[in-house]
Amino acid sequence: MRPVAGMQCGCDNLGVMRMAAAVLVLATALGCSAPEAAGPDVTPPTLTSSGSSRPTPSPSLVENNGTLESPLSDFKASVLGVSWATTLTDPQNGTTKPEGRYLLVRLALRNITKHPTHPPAHLSLHTADASEYAPEWDQTFGQTVLVGRGKVNDLNPGARTTIVLVYDIPAGTKPKAVADLKL
């Protein structure tokens, strides 16, 4: 394999060069571009508020599993219902089976702040035996967005949404609360 014009590589390993070329082709096909060099005076776009048509994100965003979410305290939240499932189906993940059983917790959320917020979708489930379980992100997204039971988009002040948190918990486990919301 010969290097692409303008490509410099400090290695002689043909396999590494092929892998780098494949990554470049894939990134280009997906519409990705190389980040522009930013100097020390450049403000990241997510922090810009003046002159932008994009809403300023919540100042209290927290990172959960690679996503940014507002804390539950930014919302008036209530549990709409709890149900069990032995399988779940959505267009992206197909039909999935839990290791134990799926617990679906449907929450109503209303933004009570004066800024856009991003609904929390990584709220821990607490059980009667003091165990804690994280939601299954693929199934939570699938049941909330893809099946159409709610949305996880930014919410403007006063806006409402519903999310369905999905947990895979052992059979016989008794759920007690999601975050500080009693079930």
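Residues numbered from 1 in each chain as written. Predicted model: local features only at pLDDT ≥ 70, side-chain atom pairs only at ≥ 80, totals over all residues. Heavy atoms only, no water.

**Points about the sheet that holds strand β8 (residues 132-133)**
- Reading across the sheet, the four strands line up as β8-β7-β10-β11 and stay open at both edges, with antiparallel pairing between neighbours. Each end of this open sheet is capped by a strand with a single partner; those strands are β8 and β11 (181-182). (Pairing = 2+ DSSP bridges. Helix = DSSP H or I, 4+ residues; strand = E, 2+ residues; numbered from the N terminus.)

**Section: the confidence of the model for the chain**
- When the pLDDT values of the chain are averaged, the result is 74; 63% of them are 70 or greater.
- Here helix α1 (residues 14-29) is the element of the chain with the lowest mean pLDDT, 41, and strand β7 (residues 125-127) is the one with the highest, 97.
- In the model, residues 1-59 has pLDDT below 50 throughout and makes 23 contacts with residues more than four positions away in sequence or in other chains. (pLDDT = per-residue confidence, 0-100. Contact = heavy atoms within 4.5 Å.)

**As for unusual backbone geometry**
- Despite not being glycine, A130 has its phi angle at roughly 70°, a positive value.
- For A130, a relative accessible area of 70% corresponds to the exposed category.
- Of note in this structure, A179 is not a glycine but carries a positive phi near 55°.
- Following the sequence through the fold, A179 ends up in the loop between β10 (175-178) and β11.
- Using a relative accessible area of 30% as the deciding quantity, one classes A179 as partly exposed. (Buried < 20%, exposed > 50% of the residue type's maximum accessible area, 1.4 Å probe, protein only.)

**Some details on the pairing of strand β6 (residues 101-111)**
- For β6, the buried fraction is high: eight of the eleven residues fall into the buried class.
- Here strand β3 (residues 75-85) runs beside β6; their pairing, made up of ten bridges, is antiparallel. Looking at the pairing, G81 lines up with R106 of β6.
- Pairing geometry for β6 and strand β9 (residues 160-169), over ten bridges, is antiparallel. The residue of β9 that forms the bridge with L107 is I163.

**So, the nonpolar core**
- Grouped together as the largest cluster of nonpolar side chains are 17 residues, with contacts concentrated most on L107, L123, L125, L165, Y167 and V178.
- At the level of elements, β6 and β9 are the ones that each hand at least two residues to this core.
- In this structure, Y167 is in contact with R101, Y102, L103, V105, L123, S124, L125, Y133, A134, P135, E136 and V178, ignoring residues within four places of it in sequence.
- A85, L104, V164 and V166 belong to the second largest nonpolar core, which has six residues in total. (Core = buried A, V, L, I, M, F, W, Y, C linked by side-chain atoms within 4.5 Å.)

**Here we look at the sheet that holds β9**
- Here three strands make up an open sheet; going across it, the order is β3-β6-β9 and the pairing antiparallel. Two strands close off the open sheet at either side, each with one partner strand: β3 and β9. This sheet shows a mean twist of 20° between the axes of neighbouring strands, independent of strand direction.
- Along the sheet, helix α2 (residues 137-146) makes contact with β6 and β9, crossing β9 at roughly 145°. (Axes fitted to C-alpha atoms, helices over the stretch in contact; angles between N-to-C directions.)

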